[in-house]
Structures are given as structure tokens and as C-alpha cells.
Amino acid sequence: MKGFFKTVAIVTVFAMCEKFLGFLYRIYLSRTIGSEGIGLYQVSLSVFALLFTVICSGTPITVSRLMTKYRAEQKYDKVGRIVAAGITYTLAVAIPVCLFFLLFGKSFTFLFADDRCMNIFLVLLPGLVFTSVYSVLRGVFWGNKDFLPYSVTELLEEICMILVGIVLINRATDVYQGAFRAGVAVLISYVFSFSLATAVFIFRKNKLKNPASEFKPLLKSALPITAMRTTNSLSVSLVSIILPIRLVAAGLSSSEAMSLYGAAVGQAIPLLFIPTTLIGSFTLVLVPEISENFYKGNHYALKRDVEKALKFTVFLSSLFVPVFLVCGKEIGALIFGGHDCGEYLCYSSFLVIFMSLSSITTSMLNSMGLEQRTLIYFIVSGVFMLAAVYFLPQVLGIYSLLVGFTFIYGLTSVLNLVLLNRHCEKKTTYLKFSLLAAIFIFPTAILGKMLENLLLPILGMFFTFIACSAVMVIFNILLFLVFGLVKTDTFKSKIKDKNSAKKQRGFSATLKKSI
């Protein structure tokens, strides 16, 4: 267990550094190419992400899961075969898709609400091959529980994109050129991460074997996951097409619609994903453990891991909700210099818990071989989301997206939790913890709002945000402690053990000197 938390800590530190740098880069983009430029960049990336999802989104986790399964069954010869099958399949699909769009892409400008997005998409396209293969290598690192190379590569990829992006964008003459050069930076970072991961793969002496016998189990597991994530990515891509069009139909200009879309999806939504990113480090290390315990039939260990994951997810994500709810406008103004982003952040703050739960429960269920059920849940949720985005802009404007996200994340969270309970032999207990965590949000937010009204005229926006956020987080944690939801006994015992060890070492040193 000590090694588990040490690994989680290492992965979390790297992930936080990566996301923090990406966050700073997004601020830079917002202040150089504006919300319209981010809208162009985000729409192009969403279509690219859809292609990537269709090609290989299910392959990395399948490679990782089957590597864990084969080792649990002591079928070590199959490990090299499944890795080779994953790489071969990815290349066989990615290369033709890439060539097709490079040759005939100009005929598909209808995919974008703005024609300028096509050129940005085409410059991203060669990166499809590189990042697809890299994603399989990433799955190999997961399956080997070799998280340090993965974490370092992800961080260096982010640094590469930022450095190249700043150099290129500083020379841009207009919004479109800035968005285009941001796309070039993404392409270069994909080539970089592929090259680095390949070198590490070879250095770690991973071996590839004849993949012929493993294509069937690979596709059987990977295709439902790919279809599920394709549904999700397709929903996002369709939203990037439908929502601006429907906003224009509601009376906005094309530029205004793209600006609102950029503020919501390009600025506010990434902030909402911060807790999910932090929890992702925990999930990355925990999922192989869950998969191993599931296939070995270790029911008590499986119950412990599931409860640990769900409680940690609810605890961490619930700390962010009051901060976004109360200080959302300050965050939008301080970081992006805009009002729209902050307002959207306030209204959508409750989504943080659903986003995090949806992510971690889907990962756990997929690691247990329940890919087909999670696929069905995503399809149902995606239909509701698209319906909200299509029919509600006339009434709610950009906030129709908020209703859609509530369906896609809230509904999948509930359905996933029900399915998870059914497939855990030992009953899990987390409902009371989750309900109390949700209740704690209200007094915390009220305290924060009162403090904000008191301090804002005195301290100004920045220091009010810092003070209110700190007080709300501390107050919320104290509520968890007072109600006994977070135990301090473990930490006290560890401190006691360390002190005892120090005293023992001191006594031994004194004894040696006396001898």
C-alpha cells in the first residue's frame, strides 16, 4: 500500500505540472488569439480528436488490461503478442485514414462551422499516425505498471507544444494565423512524444512477437471501448458543429457564436476538468490493481479499491465545487480577462462531481471487461446531449450546452455506479459519504459568498479570490473531519512510527558510541 500511494504521488506531481503548464498556455492563447481564435483551434482539435478516438481510443486500455490478465494467468508469451497486435492494428487504420483526408479533405469543409478550421485540421492530421502509436506504447507502460516513463513523456510533450507554440504564435499577424500555428505546435509535440516513447520502449527491452493470434481478443475488447469513446467524441464534435449554427439561428452573428463557444468549451470546461485530471493520476495507478483483483477473484481487495476510488473522487471534486460556484467570475476575469467564461463556470460548477465520477467509474468498469455496457450508457447519454444542444439554444443560448453536459456526465455516472454495484461480490459502502459531501457544499458556498461580499471592496479581485478559496477549502475539509468521513488515525500512526524509528536510530547510535 505504501508503494501504491508513493506511485500515485509521483504520477500526480507530474500530471499537475503538465496541466498547470497547459493551463498557463491556454491563458496565453486566450490573450493572444482571443476567444474567436480559441474557437477555431478548439473546433479543429475536436474533429481531429474524433478521428483519433475512432482509430484507437480503446486499444491502449485493452492492451494494458490483457497484459495484466495474461500475467495473472501466467501466460507470459501472450504479452508480447498483444502489444504487437495493438501497434499493428493502429498503424493499419491510422495511415489510410490520414492519407484519405490529406487527399480529399477539402471536400469535407461542411464538417466545420467556419471554413478556416479546415486548414488547421489538415496541419494536425499527420500527427494522427504518431499519436496513435504513442497511445499504444502508453498502454504498454500502464500494463507494466511503469508509470514514470509515461508521466515524464506526457510532461515533456506539453513543454514541447508550449515552447514551439509561443515561438510560432508570437509571429502571427491575425487570429486565424495564430490558431493555425497553434495547430502546428500540436503536430510537433506529437512527433516528439512518439519518438521519446519509442526510445523508452526499446530501452526497457520490451519485445514484440507474432500478433496473429491476438487480433481477435484485442478487437473484441477494444471495439466496444472505441465505440463508446467515439460516441462521446462524436457528441463533442457534433456539438462544435451544431451549437454555433444553432446560436446563429437564435440571432447571434457567426463571430459572436464562435466567441461564446470558445469561452465555454475552450476556457471554462478545461477548468472544470481540473479535478478529473488530478483524479486521473489516482485512476491510472489503481485501474491495473482493480483489473488484477477482478481476474484473480480477490473480492475483498476489489471492494476496498472501488470504495477507495469513489470516496477519493467525491472528496476531491467536492472541494472544487464551492470555489467555482462562488469565485467563478473572478477566475474568468483574472485568468482569461473575460466575463462569459466566469459566468459559465459559476453555473456549471456542479458538473465537476459528475465529470469525475463518470471518468473513474467508466475506467473501472472497462478494466473489469464491461465495455459493452458502458458503450450503451454513452450512446443513451449522447442522444440526450445532442437533443439539448439542438433544441434549447433558442431559449437558453450557450447554456443549452450545460444541460447537455448534465446528461452526458450525470446520467452515465448514475448508470455506471449501479452497474459497478452489481459486479462487486462484496457490497460497497460509499453512499452516505457521497450524500454528506454534497450537503457540505451548501454551507461552504454560503460562507464563501458572505466572505466575498465582505472582502471584494477592500482587497480587490485577486486577493479576495485567494482568501475565499482558501477559507472554503479549509472549511470543507474540516466538515469531513468533524463528521468522521476522513480518518486521521492512519496519519497519526505513521507519524508515531516515524518518531519511534528516529528514537530507535538515536538509541542505536548512542549505544555504538558507548561501546
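It should be emphasised that the depicted structure is a prediction, and the values quoted were computed from it without experimental measurement. (Residues numbered from 1 in each chain as written. Predicted model: local features only at pLDDT ≥ 70, side-chain atom pairs only at ≥ 80, totals over all residues. Heavy atoms only, no water.)

To continue, consider the overall build of the protein. Per the secondary structure count, the protein includes 19 helices and zero strands. Computed over the C-alpha atoms, the radius of gyration of the protein is 24 Å, within 12% of the 24 Å expected from 2.2 N^0.38 for a compact globule of 515 residues. If you line up the protein on its principal axes, its C-alpha atoms span 85 × 70 × 50 Å. Looking at the 515 residues of the protein, the share that counts as buried comes to 51%. Put simply, 83% of the contacts in the protein that link residues at least 6 apart link residues at least 24 apart. Surface accessibility of the protein: about 23,300 Å² in total, with carbon and sulfur atoms responsible for 69%. Here the protein contributes 47 positively and 25 negatively charged side chains, and the mean placements of these two sets differ by 11 Å. (Helix = DSSP H or I, 4+ residues; strand = E, 2+ residues; numbered from the N terminus. Rg over C-alpha atoms; globule rule 2.2 N^0.38 Å. Buried < 20%, exposed > 50% of the residue type's maximum accessible area, 1.4 Å probe, protein only. Contact = heavy atoms within 4.5 Å. Areas by Shrake-Rupley, 256 points an atom, 1.4 Å probe, with all protein chains shown as cover. Lys, Arg positive; Asp, Glu negative; His and termini not counted. Charge placed at Lys NZ, Arg CZ, Asp CG, Glu CD.)

On to the nonpolar core, then. Counting 137 residues, the largest nonpolar core has F121 and L401 as the members making the most contacts within it. Here this core gets 16 residues from one element, more than from any other, and that element is helix α12 (residues 299-336). Setting aside residues up to four positions removed in sequence, F121 forms contacts with S44, V47, F48, L51, F101 and F112. (Core = buried A, V, L, I, M, F, W, Y, C linked by side-chain atoms within 4.5 Å.)

In this section: the packing of aromatic side chains. According to the stated counting rule, one finds 20 aromatic pairs in the structure shown. The interplanar angle of 70 degrees and the centroid separation of 5.9 Å between the aromatic rings of W142 and Y150 together place this pair among those described as edge-to-face. Like W142, the residue Y150 is buried in the burial classification. Taken together through their ring pairs, the aromatic side chains of F315, F433, F440, F480 and F483 make up a single cluster. Directly above the ring of Y390 sits R246, whose terminal nitrogen or CZ lies 4.2 Å from the centroid. (Phe/Tyr/Trp six-rings, centres within 6.5 Å; stacked < 30°, edge-to-face > 60°. Lys NZ or Arg CZ within 6 Å of the ring centre and 35° of its normal.)

To continue, consider a nonpolar patch on the surface. A contiguous nonpolar patch, built from L334, L456, I458, L459, M461, F462, F463 and I466 and spanning about 740 Å² of accessible area, is present on the exposed surface. Broken down by element, the residue count for the nonpolar patch peaks at seven residues, all from helix α18 (residues 431-482). (Patch = residues over 30% accessible without salt bridge, like charges linked within 9 Å, V, L, I, M, F, W, Y side chains within 5 Å. Salt bridge = Lys/Arg side-chain N within 4 Å of Asp/Glu carboxyl O.)

A separate point is helix α3 (residues 59-72). In this model α3 runs 20 Å from its N-terminal to its C-terminal C-alpha over 14 residues, within 8% of the 20 Å that 1.5 Å per residue would give. Among the 14 residues of α3, 11 are classified as buried, and the element is accordingly described as predominantly covered. Among all positions of α3, only T59, P60, I61, T62, V63, S64, R65, L66, M67, T68 and Y70 are buried. Trailing α3 by a residue or two, Q74 shows a phi angle of about 60 degrees, which is positive. (Expected span 1.5 Å × (residues − 1).)

Turning next to the confidence of the model for the protein. The predicted coordinates of low-pLDDT regions are not to be read in fine detail. Averaged over every residue, the pLDDT of the protein is 84; residues scoring 70 or more account for 92%. The lowest-confidence element of the protein is helix α19 (residues 489-514), averaging 51 in pLDDT; the highest-confidence one is α18, averaging 94. pLDDT under 50 marks residues 510-515. Its contacts with residues more than four places away, or in other chains, come to zero contacts. (pLDDT = per-residue confidence, 0-100.)

Looking at the element boundaries, E154 is found in helix α7 (residues 147-169). Residue contacts for E154: discarding those within four places in its chain leaves E18, Y134 and R138.

All told, the structure shown has 12 salt bridges when counted by the stated rule. In this structure, E154 and R138 form a salt bridge, with 3.6 Å as the shortest nitrogen-oxygen distance. A residue pair is termed long-range when its members are at least 10 positions apart, and E154 in helix α7 and R138 in helix α6 (residues 127-143) qualify at 16 residues. The pair E154 / R138 is uniform in exposure class, with both members buried. Several salt bridges converge on common partners, so that one network encompasses K69, E73 and K75.

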